[in-house]
Amino acid sequence: ETEEQMKWGSPFFDYKGEMMANMAAFQEHCGIGFWKGSLVVGTESRKKESAGLMGRIARVADLPSRKILTGYIKKAMELNDAGVKVVRVKGAPKKTLPTPPYLARALKADKAAGKAFEEFSPSARREYIEWLLEARTEETRARRLATAIGWIAEGKRRNWKYQK
């Protein structure tokens, strides 16, 4: 009753139509995880050097024993059978960054950019503000500001090139 599907470019295993486990392969290691990982494996087992719940798996010896791995799979199946849902804790919302005075002046001077910036979501505004604040020199900041005003006036988010 388990089906393998590709999700986010990795193999996922759905049990009775609900996500159960996944794998991820990298150049020199792989990772294995369970969708309800903290309930299956526990939180202490998570190793810091890998995204998978069983740590960085670079060779067969890095895997847990067949008995332990089978136990994890059976536990994940039981959780799906019981309809258990994992409560994902959301982080605290990011604080709104104040608009730097030089950006405010530039937005006021360019009506189209000012209007578009006001219509952006808080995260889209934050992307531009952080980008400008990260500039180490005044020359870089001025160049980024000119670019930003042009993109904002066109209604483009900071990373518009990567959006679909």
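Refer to the structure presented above.
Everything in this summary refers to the structure shown in the same document. Here the structure is a predicted model, which is why all the values come from computation and not from measurement.

1. Some words on the overall build of the protein chain
Thought 1: For the protein chain, the helix and strand inventory stands at six helices and four strands.
Thought 2: Counting helices and strands in the order they occur from the N terminus, the protein chain gives β-β-β-β-α-α-α-α-α-α.
Thought 3: For the protein chain, the C-alpha radius of gyration of 23 Å lies well beyond 15 Å, the compact-globule estimate for 164 residues.
Thought 4: Once the C-alpha set of the protein chain is aligned to its principal axes, its extents read approximately 70 × 35 × 25 Å.
Thought 5: Buried positions account for 33% of the 164 residues belonging to the protein chain.
Thought 6: When the accessible area of the protein chain is evaluated, it comes to approximately 11,600 Å², of which 55% is carbon and sulfur surface.
Thought 7: Across the protein chain, the 32 positively charged side chains and the 20 negatively charged ones have centroids separated by 4 Å.

2. Some thoughts on the packing of helix 5 (residues 122-133) against helix 6 (residues 138-153)
Thought 1: The contact between helix 5 and helix 6 brings their axes to 9 Å, and the two run at 165 degrees. The angle between helix 5 and helix 6 places the two elements in the roughly antiparallel class. Relative to helix 6, helix 5 is oriented so that their crossing is right-handed. On helix 6, the residues that touch Tyr128, Trp131 and Leu132 of helix 5 are Arg141, Arg144, Leu145, Thr147, Ala148, Trp151 and Ile152.
Thought 2: Partitioning the contact of helix 5 with helix 6 into residue classes produces seven nonpolar, one polar and two charged.

3. Re the pairing of strand 3 (residues 18-25)
Thought 1: Bridging between strand 2 (residues 10-15) and strand 3 involves four bridges; their strand directions are antiparallel. In the strand pairing of strand 3, Phe12 is matched with Asn22.
Thought 2: Where strand 2 hands over to strand 3, the hairpin turn is made up of two residues, of which Lys16 adopts a positive phi near 55 degrees.
Thought 3: Here strand 3 pairs with strand 4 (residues 30-34) via five bridges, running antiparallel. In the sheet register, Asn22 faces strand 4, and the bridge partner there is Gly33.
Thought 4: Counted along the chain from strand 3 to the antiparallel partner strand 4, the turn is four residues long.

4. Remarks on the packing of aromatic side chains
Thought 1: This model, assessed by the stated rule, comprises eight aromatic pairs.
Thought 2: On the basis of an interplanar angle of 10 degrees and a centroid distance of 5.9 Å, the ring pair of Trp131 and Trp151 is categorised as stacked. Placement of the pair is Trp131 in helix 5 and Trp151 in helix 6, with a sequence separation of 20 residues. When sorted by exposure, Trp131 lands in the same class as Trp151, which is buried.

5. Details of the packing of helix 3 (residues 101-109) against helix 4 (residues 111-119)
Thought 1: Across the interface, helix 3 lies against helix 4 with an axial gap of 5 Å and an inter-helix angle of 115 degrees. On helix 4, the residues touching Leu103, Leu107, Lys108 and Ala109 of helix 3 are Lys111, Ala113, Gly114 and Phe117.
Thought 2: Across the contact of helix 3 with helix 4, the residue classes break down as five nonpolar, one polar and two charged.

6. A closer look at the nonpolar core
Thought 1: Grouped together as the largest cluster of nonpolar side chains are 18 residues, with contacts concentrated most on Leu103, Leu107, Phe117, Tyr128, Leu145, Ile149 and Ile152.
Thought 2: For this core, the elements supplying multiple residues, two or more each, are helix 3, helix 4, helix 5 and helix 6.
Thought 3: Setting aside anything within four residues of it in sequence, one finds Leu103 in contact with Phe117, Ile129, Leu132, Leu145 and Ile149.

Reading the values: rules and limits
Residues numbered from 1 in each chain as written. Predicted model: local features only at pLDDT ≥ 70, side-chain atom pairs only at ≥ 80, totals over all residues. Heavy atoms only, no water. Helix = DSSP H or I, 4+ residues; strand = E, 2+ residues; numbered from the N terminus. Rg over C-alpha atoms; globule rule 2.2 N^0.38 Å. Buried < 20%, exposed > 50% of the residue type's maximum accessible area, 1.4 Å probe, protein only. Areas by Shrake-Rupley, 256 points an atom, 1.4 Å probe, with all protein chains shown as cover. Lys, Arg positive; Asp, Glu negative; His and termini not counted. Charge placed at Lys NZ, Arg CZ, Asp CG, Glu CD. Axes fitted to C-alpha atoms, helices over the stretch in contact; angles between N-to-C directions. Parallel < 35°, antiparallel > 145°, perpendicular 65-115°, else oblique. Left-handed = near helix turned anticlockwise from the far one by under 90°. Contact = heavy atoms within 4.5 Å. Nonpolar A, V, L, I, M, F, W, Y, C, P; charged D, E, K, R; others polar. Pairing = 2+ DSSP bridges. Phe/Tyr/Trp six-rings, centres within 6.5 Å; stacked < 30°, edge-to-face > 60°. Core = buried A, V, L, I, M, F, W, Y, C linked by side-chain atoms within 4.5 Å.

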